[in-house]
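Remarks on the overall topology
One letter stands for each residue in the lines below.
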Protein chains: 2
Amino acid sequence: MRAAYMYGPGDVRVIDAPDPRIEQPTDALVRTVVSCVCGSDLHPYHSMKANAEGRSMGHESVSVVEEVGADVRTVKPGDVVIVPFVYSCGVCDFCVAGLQTSCRVAGLAHPTGAEGAQAAYRRIPFADGTLYRVDVAEDDERMPGLLTLSDVYGTGYHAVVTGGVAPGKDVVVIGDGAVGLLAVLSAKQLGAERIVLMGRHTARTDLGRRYGATDVVAERGEEGIAAVRDLTNGDGAHVVVDAVGHLPAYEQALAVVRDGGTVTRVGVPQYADGPIGRAQFTRNVTITGGVAPVRAYIDELLPGVLDGSVDPGAVFDRTLPLDDAAEGYRLMDDRAALKVMLRP
Amino acid sequence: MRAAYMYGPGDVRVIDAPDPRIEQPTDALVRTVVSCVCGSDLHPYHSMKANAEGRSMGHESVSVVEEVGADVRTVKPGDVVIVPFVYSCGVCDFCVAGLQTSCRVAGLAHPTGAEGAQAAYRRIPFADGTLYRVDVAEDDERMPGLLTLSDVYGTGYHAVVTGGVAPGKDVVVIGDGAVGLLAVLSAKQLGAERIVLMGRHTARTDLGRRYGATDVVAERGEEGIAAVRDLTNGDGAHVVVDAVGHLPAYEQALAVVRDGGTVTRVGVPQYADGPIGRAQFTRNVTITGGVAPVRAYIDELLPGVLDGSVDPGAVFDRTLPLDDAAEGYRLMDDRAALKVMLRP
């Protein structure tokens, strides 16, 4: 089958890879309908150590079930399924509590050997707990919106849920990538009063305004901090979403959060240590967020996608054939595309 | 008047200092009934830069009002009052929301020039918002318990409130000083199931057991971490209180918190940067807590102190005359005393 692999910085190739097959009785074999490139894929695209064997890429897809293992009960061949970016058993205490990313057998701490989503087919471990069946045809026009439920919409929603967004709260979202924009949409859904989007790509921030941003701040650094403070009575915001992951974004978040407020991070931190000392302590700032258990949010977010009351799929501004995945990475890295959908 | 000043590491002296007086119409002049030495006073006791002028010390007291400024309405001469360790106006939005430490005019960010509590008299700025009148005589036997409401009990309570302690939760408290022990008491009050106290001074951990600790772990470092994990199904605890403030305590907290759990810090961080990267992000660990707005908790905690259903005053294991304050610091620094009460 065709599949995208990364071999080093800027080096993505679509190759003929071995077809996956059922390995465990709890596996499903699925055929990709739509996949995409994630902002987090750009981190290795910049910094990955060159590797002759390459790394199978992608973690977001909507797929069709082709075959299931003997123990799979909840999906069957022909079902259209959302594939959340972390596998989960669905029955352990962490899964039941909605923290599927920490699943005791299939979470992030448990490598399964399954390959990436930027491929024609995938083996999905723990299919019963992982896959979310949706009653649509595979040519449904809402496919982009459904695809966001495999990661970016659920991730933006995780930010505002963990951040405690509620009616009357002021929210700042740092980062105008797909996760940042969908954090804006999510903040609006949870009733935030003022939503300030920090970003400087007009096409993106325009979509942010459509999603509910009341203000856009294009400046960065001290200027950006001053602009946000001007918008928030000099105090900063109750909730600040870091949808970037680089240290300066975290530092900026700390500078625009109100005393007693919350910084919630959903951009994968590209640092190990950062400011967490007396300056934050004195102001009673909370740091929360983390890898989003998006499986937990599909029940809540799917109806809006299906009835068209929200349009998270608008974050996809380009669609390419899977064979052009390298071009998709380039477009996103150059900020020429917001988020690229790939169709095998 | 007599007052304790610190001049450098290990150098505390009780001197004749100028009598304070009313300076603003919102001030009160109070006479100290009881004051004490705080664990946080030991930080400058170790690391303060030598200073010939000295620094007025102490921030905890129960006092009697001697005189009030023209605008003071809620207290009058003769009233016994708890003096929270941060002044607060009582009427700004932060005060109303219960974050008096961030009060817009009198909080931590606004130096008032008022002197410390280890003294015979004090000027109290913003008396109406700061002082909490208690209907007791100044020789009341519950004075030690009332004194804990000026800092350590409210601080321990702040830890468990911000940490989200609730029935069924497992809690670890790192540090067997007064704040740690009162965090144990507070966790018990909020219904925690298992309360593990990490400390190695038996007299202190025995008091911790009396306050509700179900387990005591004396080991530190890797051994201590393993012991806590053994007690918590290998997972760590839902809530971990850092009642120390040194970086190793924060690191230990991160090592014994459960995925999706919360580290809440009430020991003043003696560091600026620390681990706050991908390791914490992947596990959805929240970092919260901060300087405690103890004024906010007196309404809730006072009844238990007055009716004797809790005994937070038991953290005071020595009482000395104010003139022996230097000895009080030595006893606490040598861990020969848990917390020293000072009487002018």
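Residues numbered from 1 in each chain as written. Chains lettered and ligands numbered in written order. Predicted model: local features only at pLDDT ≥ 70, side-chain atom pairs only at ≥ 80, totals over all residues. Heavy atoms only, no water.

The name an unreviewed UniProt entry gives chain A is Alcohol dehydrogenase catalytic domain-containing protein, with Microbacterium dauci as the organism. The Cofactor (unreviewed entry) comment attached to chain A in UniProt states, word for word, "Zn(2+)". (UniProt positions renumbered as here; feature names shortened; annotations may be inferred.)

Attention shifts here to the sheet that holds strand β4 (residues 55-56) of chain B. Strand order in the open sheet made by the 3 strands is β2-β1-β4 (chain B), with antiparallel pairing throughout. Both edges of this open sheet fall to β2 (11-16) and β4 of chain B, since each of them pairs with a single strand only. (Pairing = 2+ DSSP bridges. Helix = DSSP H or I, 4+ residues; strand = E, 2+ residues; numbered from the N terminus.)

Quick look at the side chain of Asp151(B) now. The topology assignment puts Asp151(B) in the loop between α4 (143-148) and α5 (152-163). Not counting residues within four places of it along the chain, the set of residues in contact with Asp151(B) comprises Cys38(B), His59(B), Glu60(B), Phe85(B) and Val294(B). (Contact = heavy atoms within 4.5 Å.)

Attention now goes to the relation of the copies chain B and chain A. Take chain B, turn it by 180 degrees, move it 0.0 Å along the axis, and it overlays chain A with an RMSD of 0.0 Å. The symmetry that links the two subunits is that of a two-fold axis. Of the C-alpha atoms belonging to chain B, the one lying closest to the rotation axis is found on Ile287(B), 2.5 Å away. With an isologous cut-off of 70% or more, the 100% of interface residues of chain B that recur at the interface of chain A puts this contact in the isologous class. (Least-squares fit on C-alpha atoms with pLDDT ≥ 70 in both.)

So, about the interface of chain B and chain A. Contacts between the two partners involve 39 residues from chain B, matched on the other side by 39 residues from chain A. Overall, the association of chain B and chain A removes approximately 3,000 Å² of surface from exposure, summing both partners, and the carbon and sulfur fraction of that is 52%. Summed over the three residues of chain B that lose the most area to chain A, namely Ile276(B), Phe281(B) and Asn284(B), the buried surface amounts to 24% of that side. The tally of links from chain B across to chain A stands at 4 salt bridges. A salt bridge links Arg104(B) to Asp235(A), with the nearest nitrogen and oxygen atoms 2.6 Å apart. Of all the secondary structure elements, the ones that give two or more residues to the side of chain B that touches chain A are α2 (93-96), β13 (257-265), β14 (273-275), α10 (278-282) and β15 (286-289) of chain B. Taken together, the residues of the side of chain B that touches chain A break down into 15 nonpolar, 16 polar and 8 charged. Sheet analysis places strand β14 (residues 273-275) of chain A next to β14(B), joined by 3 bridges and oriented antiparallel. Opposite Gly274(A), over in β14(B), you have Gly274(B) as the bridge partner. (Buried area = accessible area lost by both parts, 1.4 Å probe. Salt bridge = Lys/Arg side-chain N within 4 Å of Asp/Glu carboxyl O. Nonpolar A, V, L, I, M, F, W, Y, C, P; charged D, E, K, R; others polar.)

Because each turn of an α-helix spans 3.6 residues, side chains separated by three or four positions in sequence point in the same direction. All names here are of chain B. Every buried residue of helix α8 (residues 221-231) is accounted for by Gly 224, Ile 225, Ala 227 and Val 228. Looking down the long axis of α8, one finds its buried residues gathered within 160 degrees of arc, a one-sided arrangement. Among the exposed residues of α8, those oriented more than 90 degrees off its buried face are Glu 222, Glu 223 and Asp 230. Summarising the contacts, the buried residues of α8 are in contact with β9 (170-174), β10 (194-198), β11 (215-217) and α9 (247-255). (Buried < 20%, exposed > 50% of the residue type's maximum accessible area, 1.4 Å probe, protein only. Arc of directions from axis to C-beta.)

Further remarks concern the packing of aromatic side chains. Here the structure, examined in full by the defined rule, presents 6 aromatic pairs over all chains. Measuring from ring centre to ring centre gives 5.3 Å for Tyr157(B) and Tyr297(B), while their planes differ by 75 degrees; the resulting arrangement is edge-to-face. With Tyr157(B) in helix α5 and Tyr297(B) in the loop between β15 and α11 (298-307), the pair connects residues that are 140 residues apart, well separated along the chain. Per residue, the accessibility class of Tyr157(B) equals that of Tyr297(B), and both read buried. When the ring centre of Tyr7(A) is taken as reference, the NZ or CZ atom of Arg13(A) above it lies at 3.9 Å. (Phe/Tyr/Trp six-rings, centres within 6.5 Å; stacked < 30°, edge-to-face > 60°. Lys NZ or Arg CZ within 6 Å of the ring centre and 35° of its normal.)

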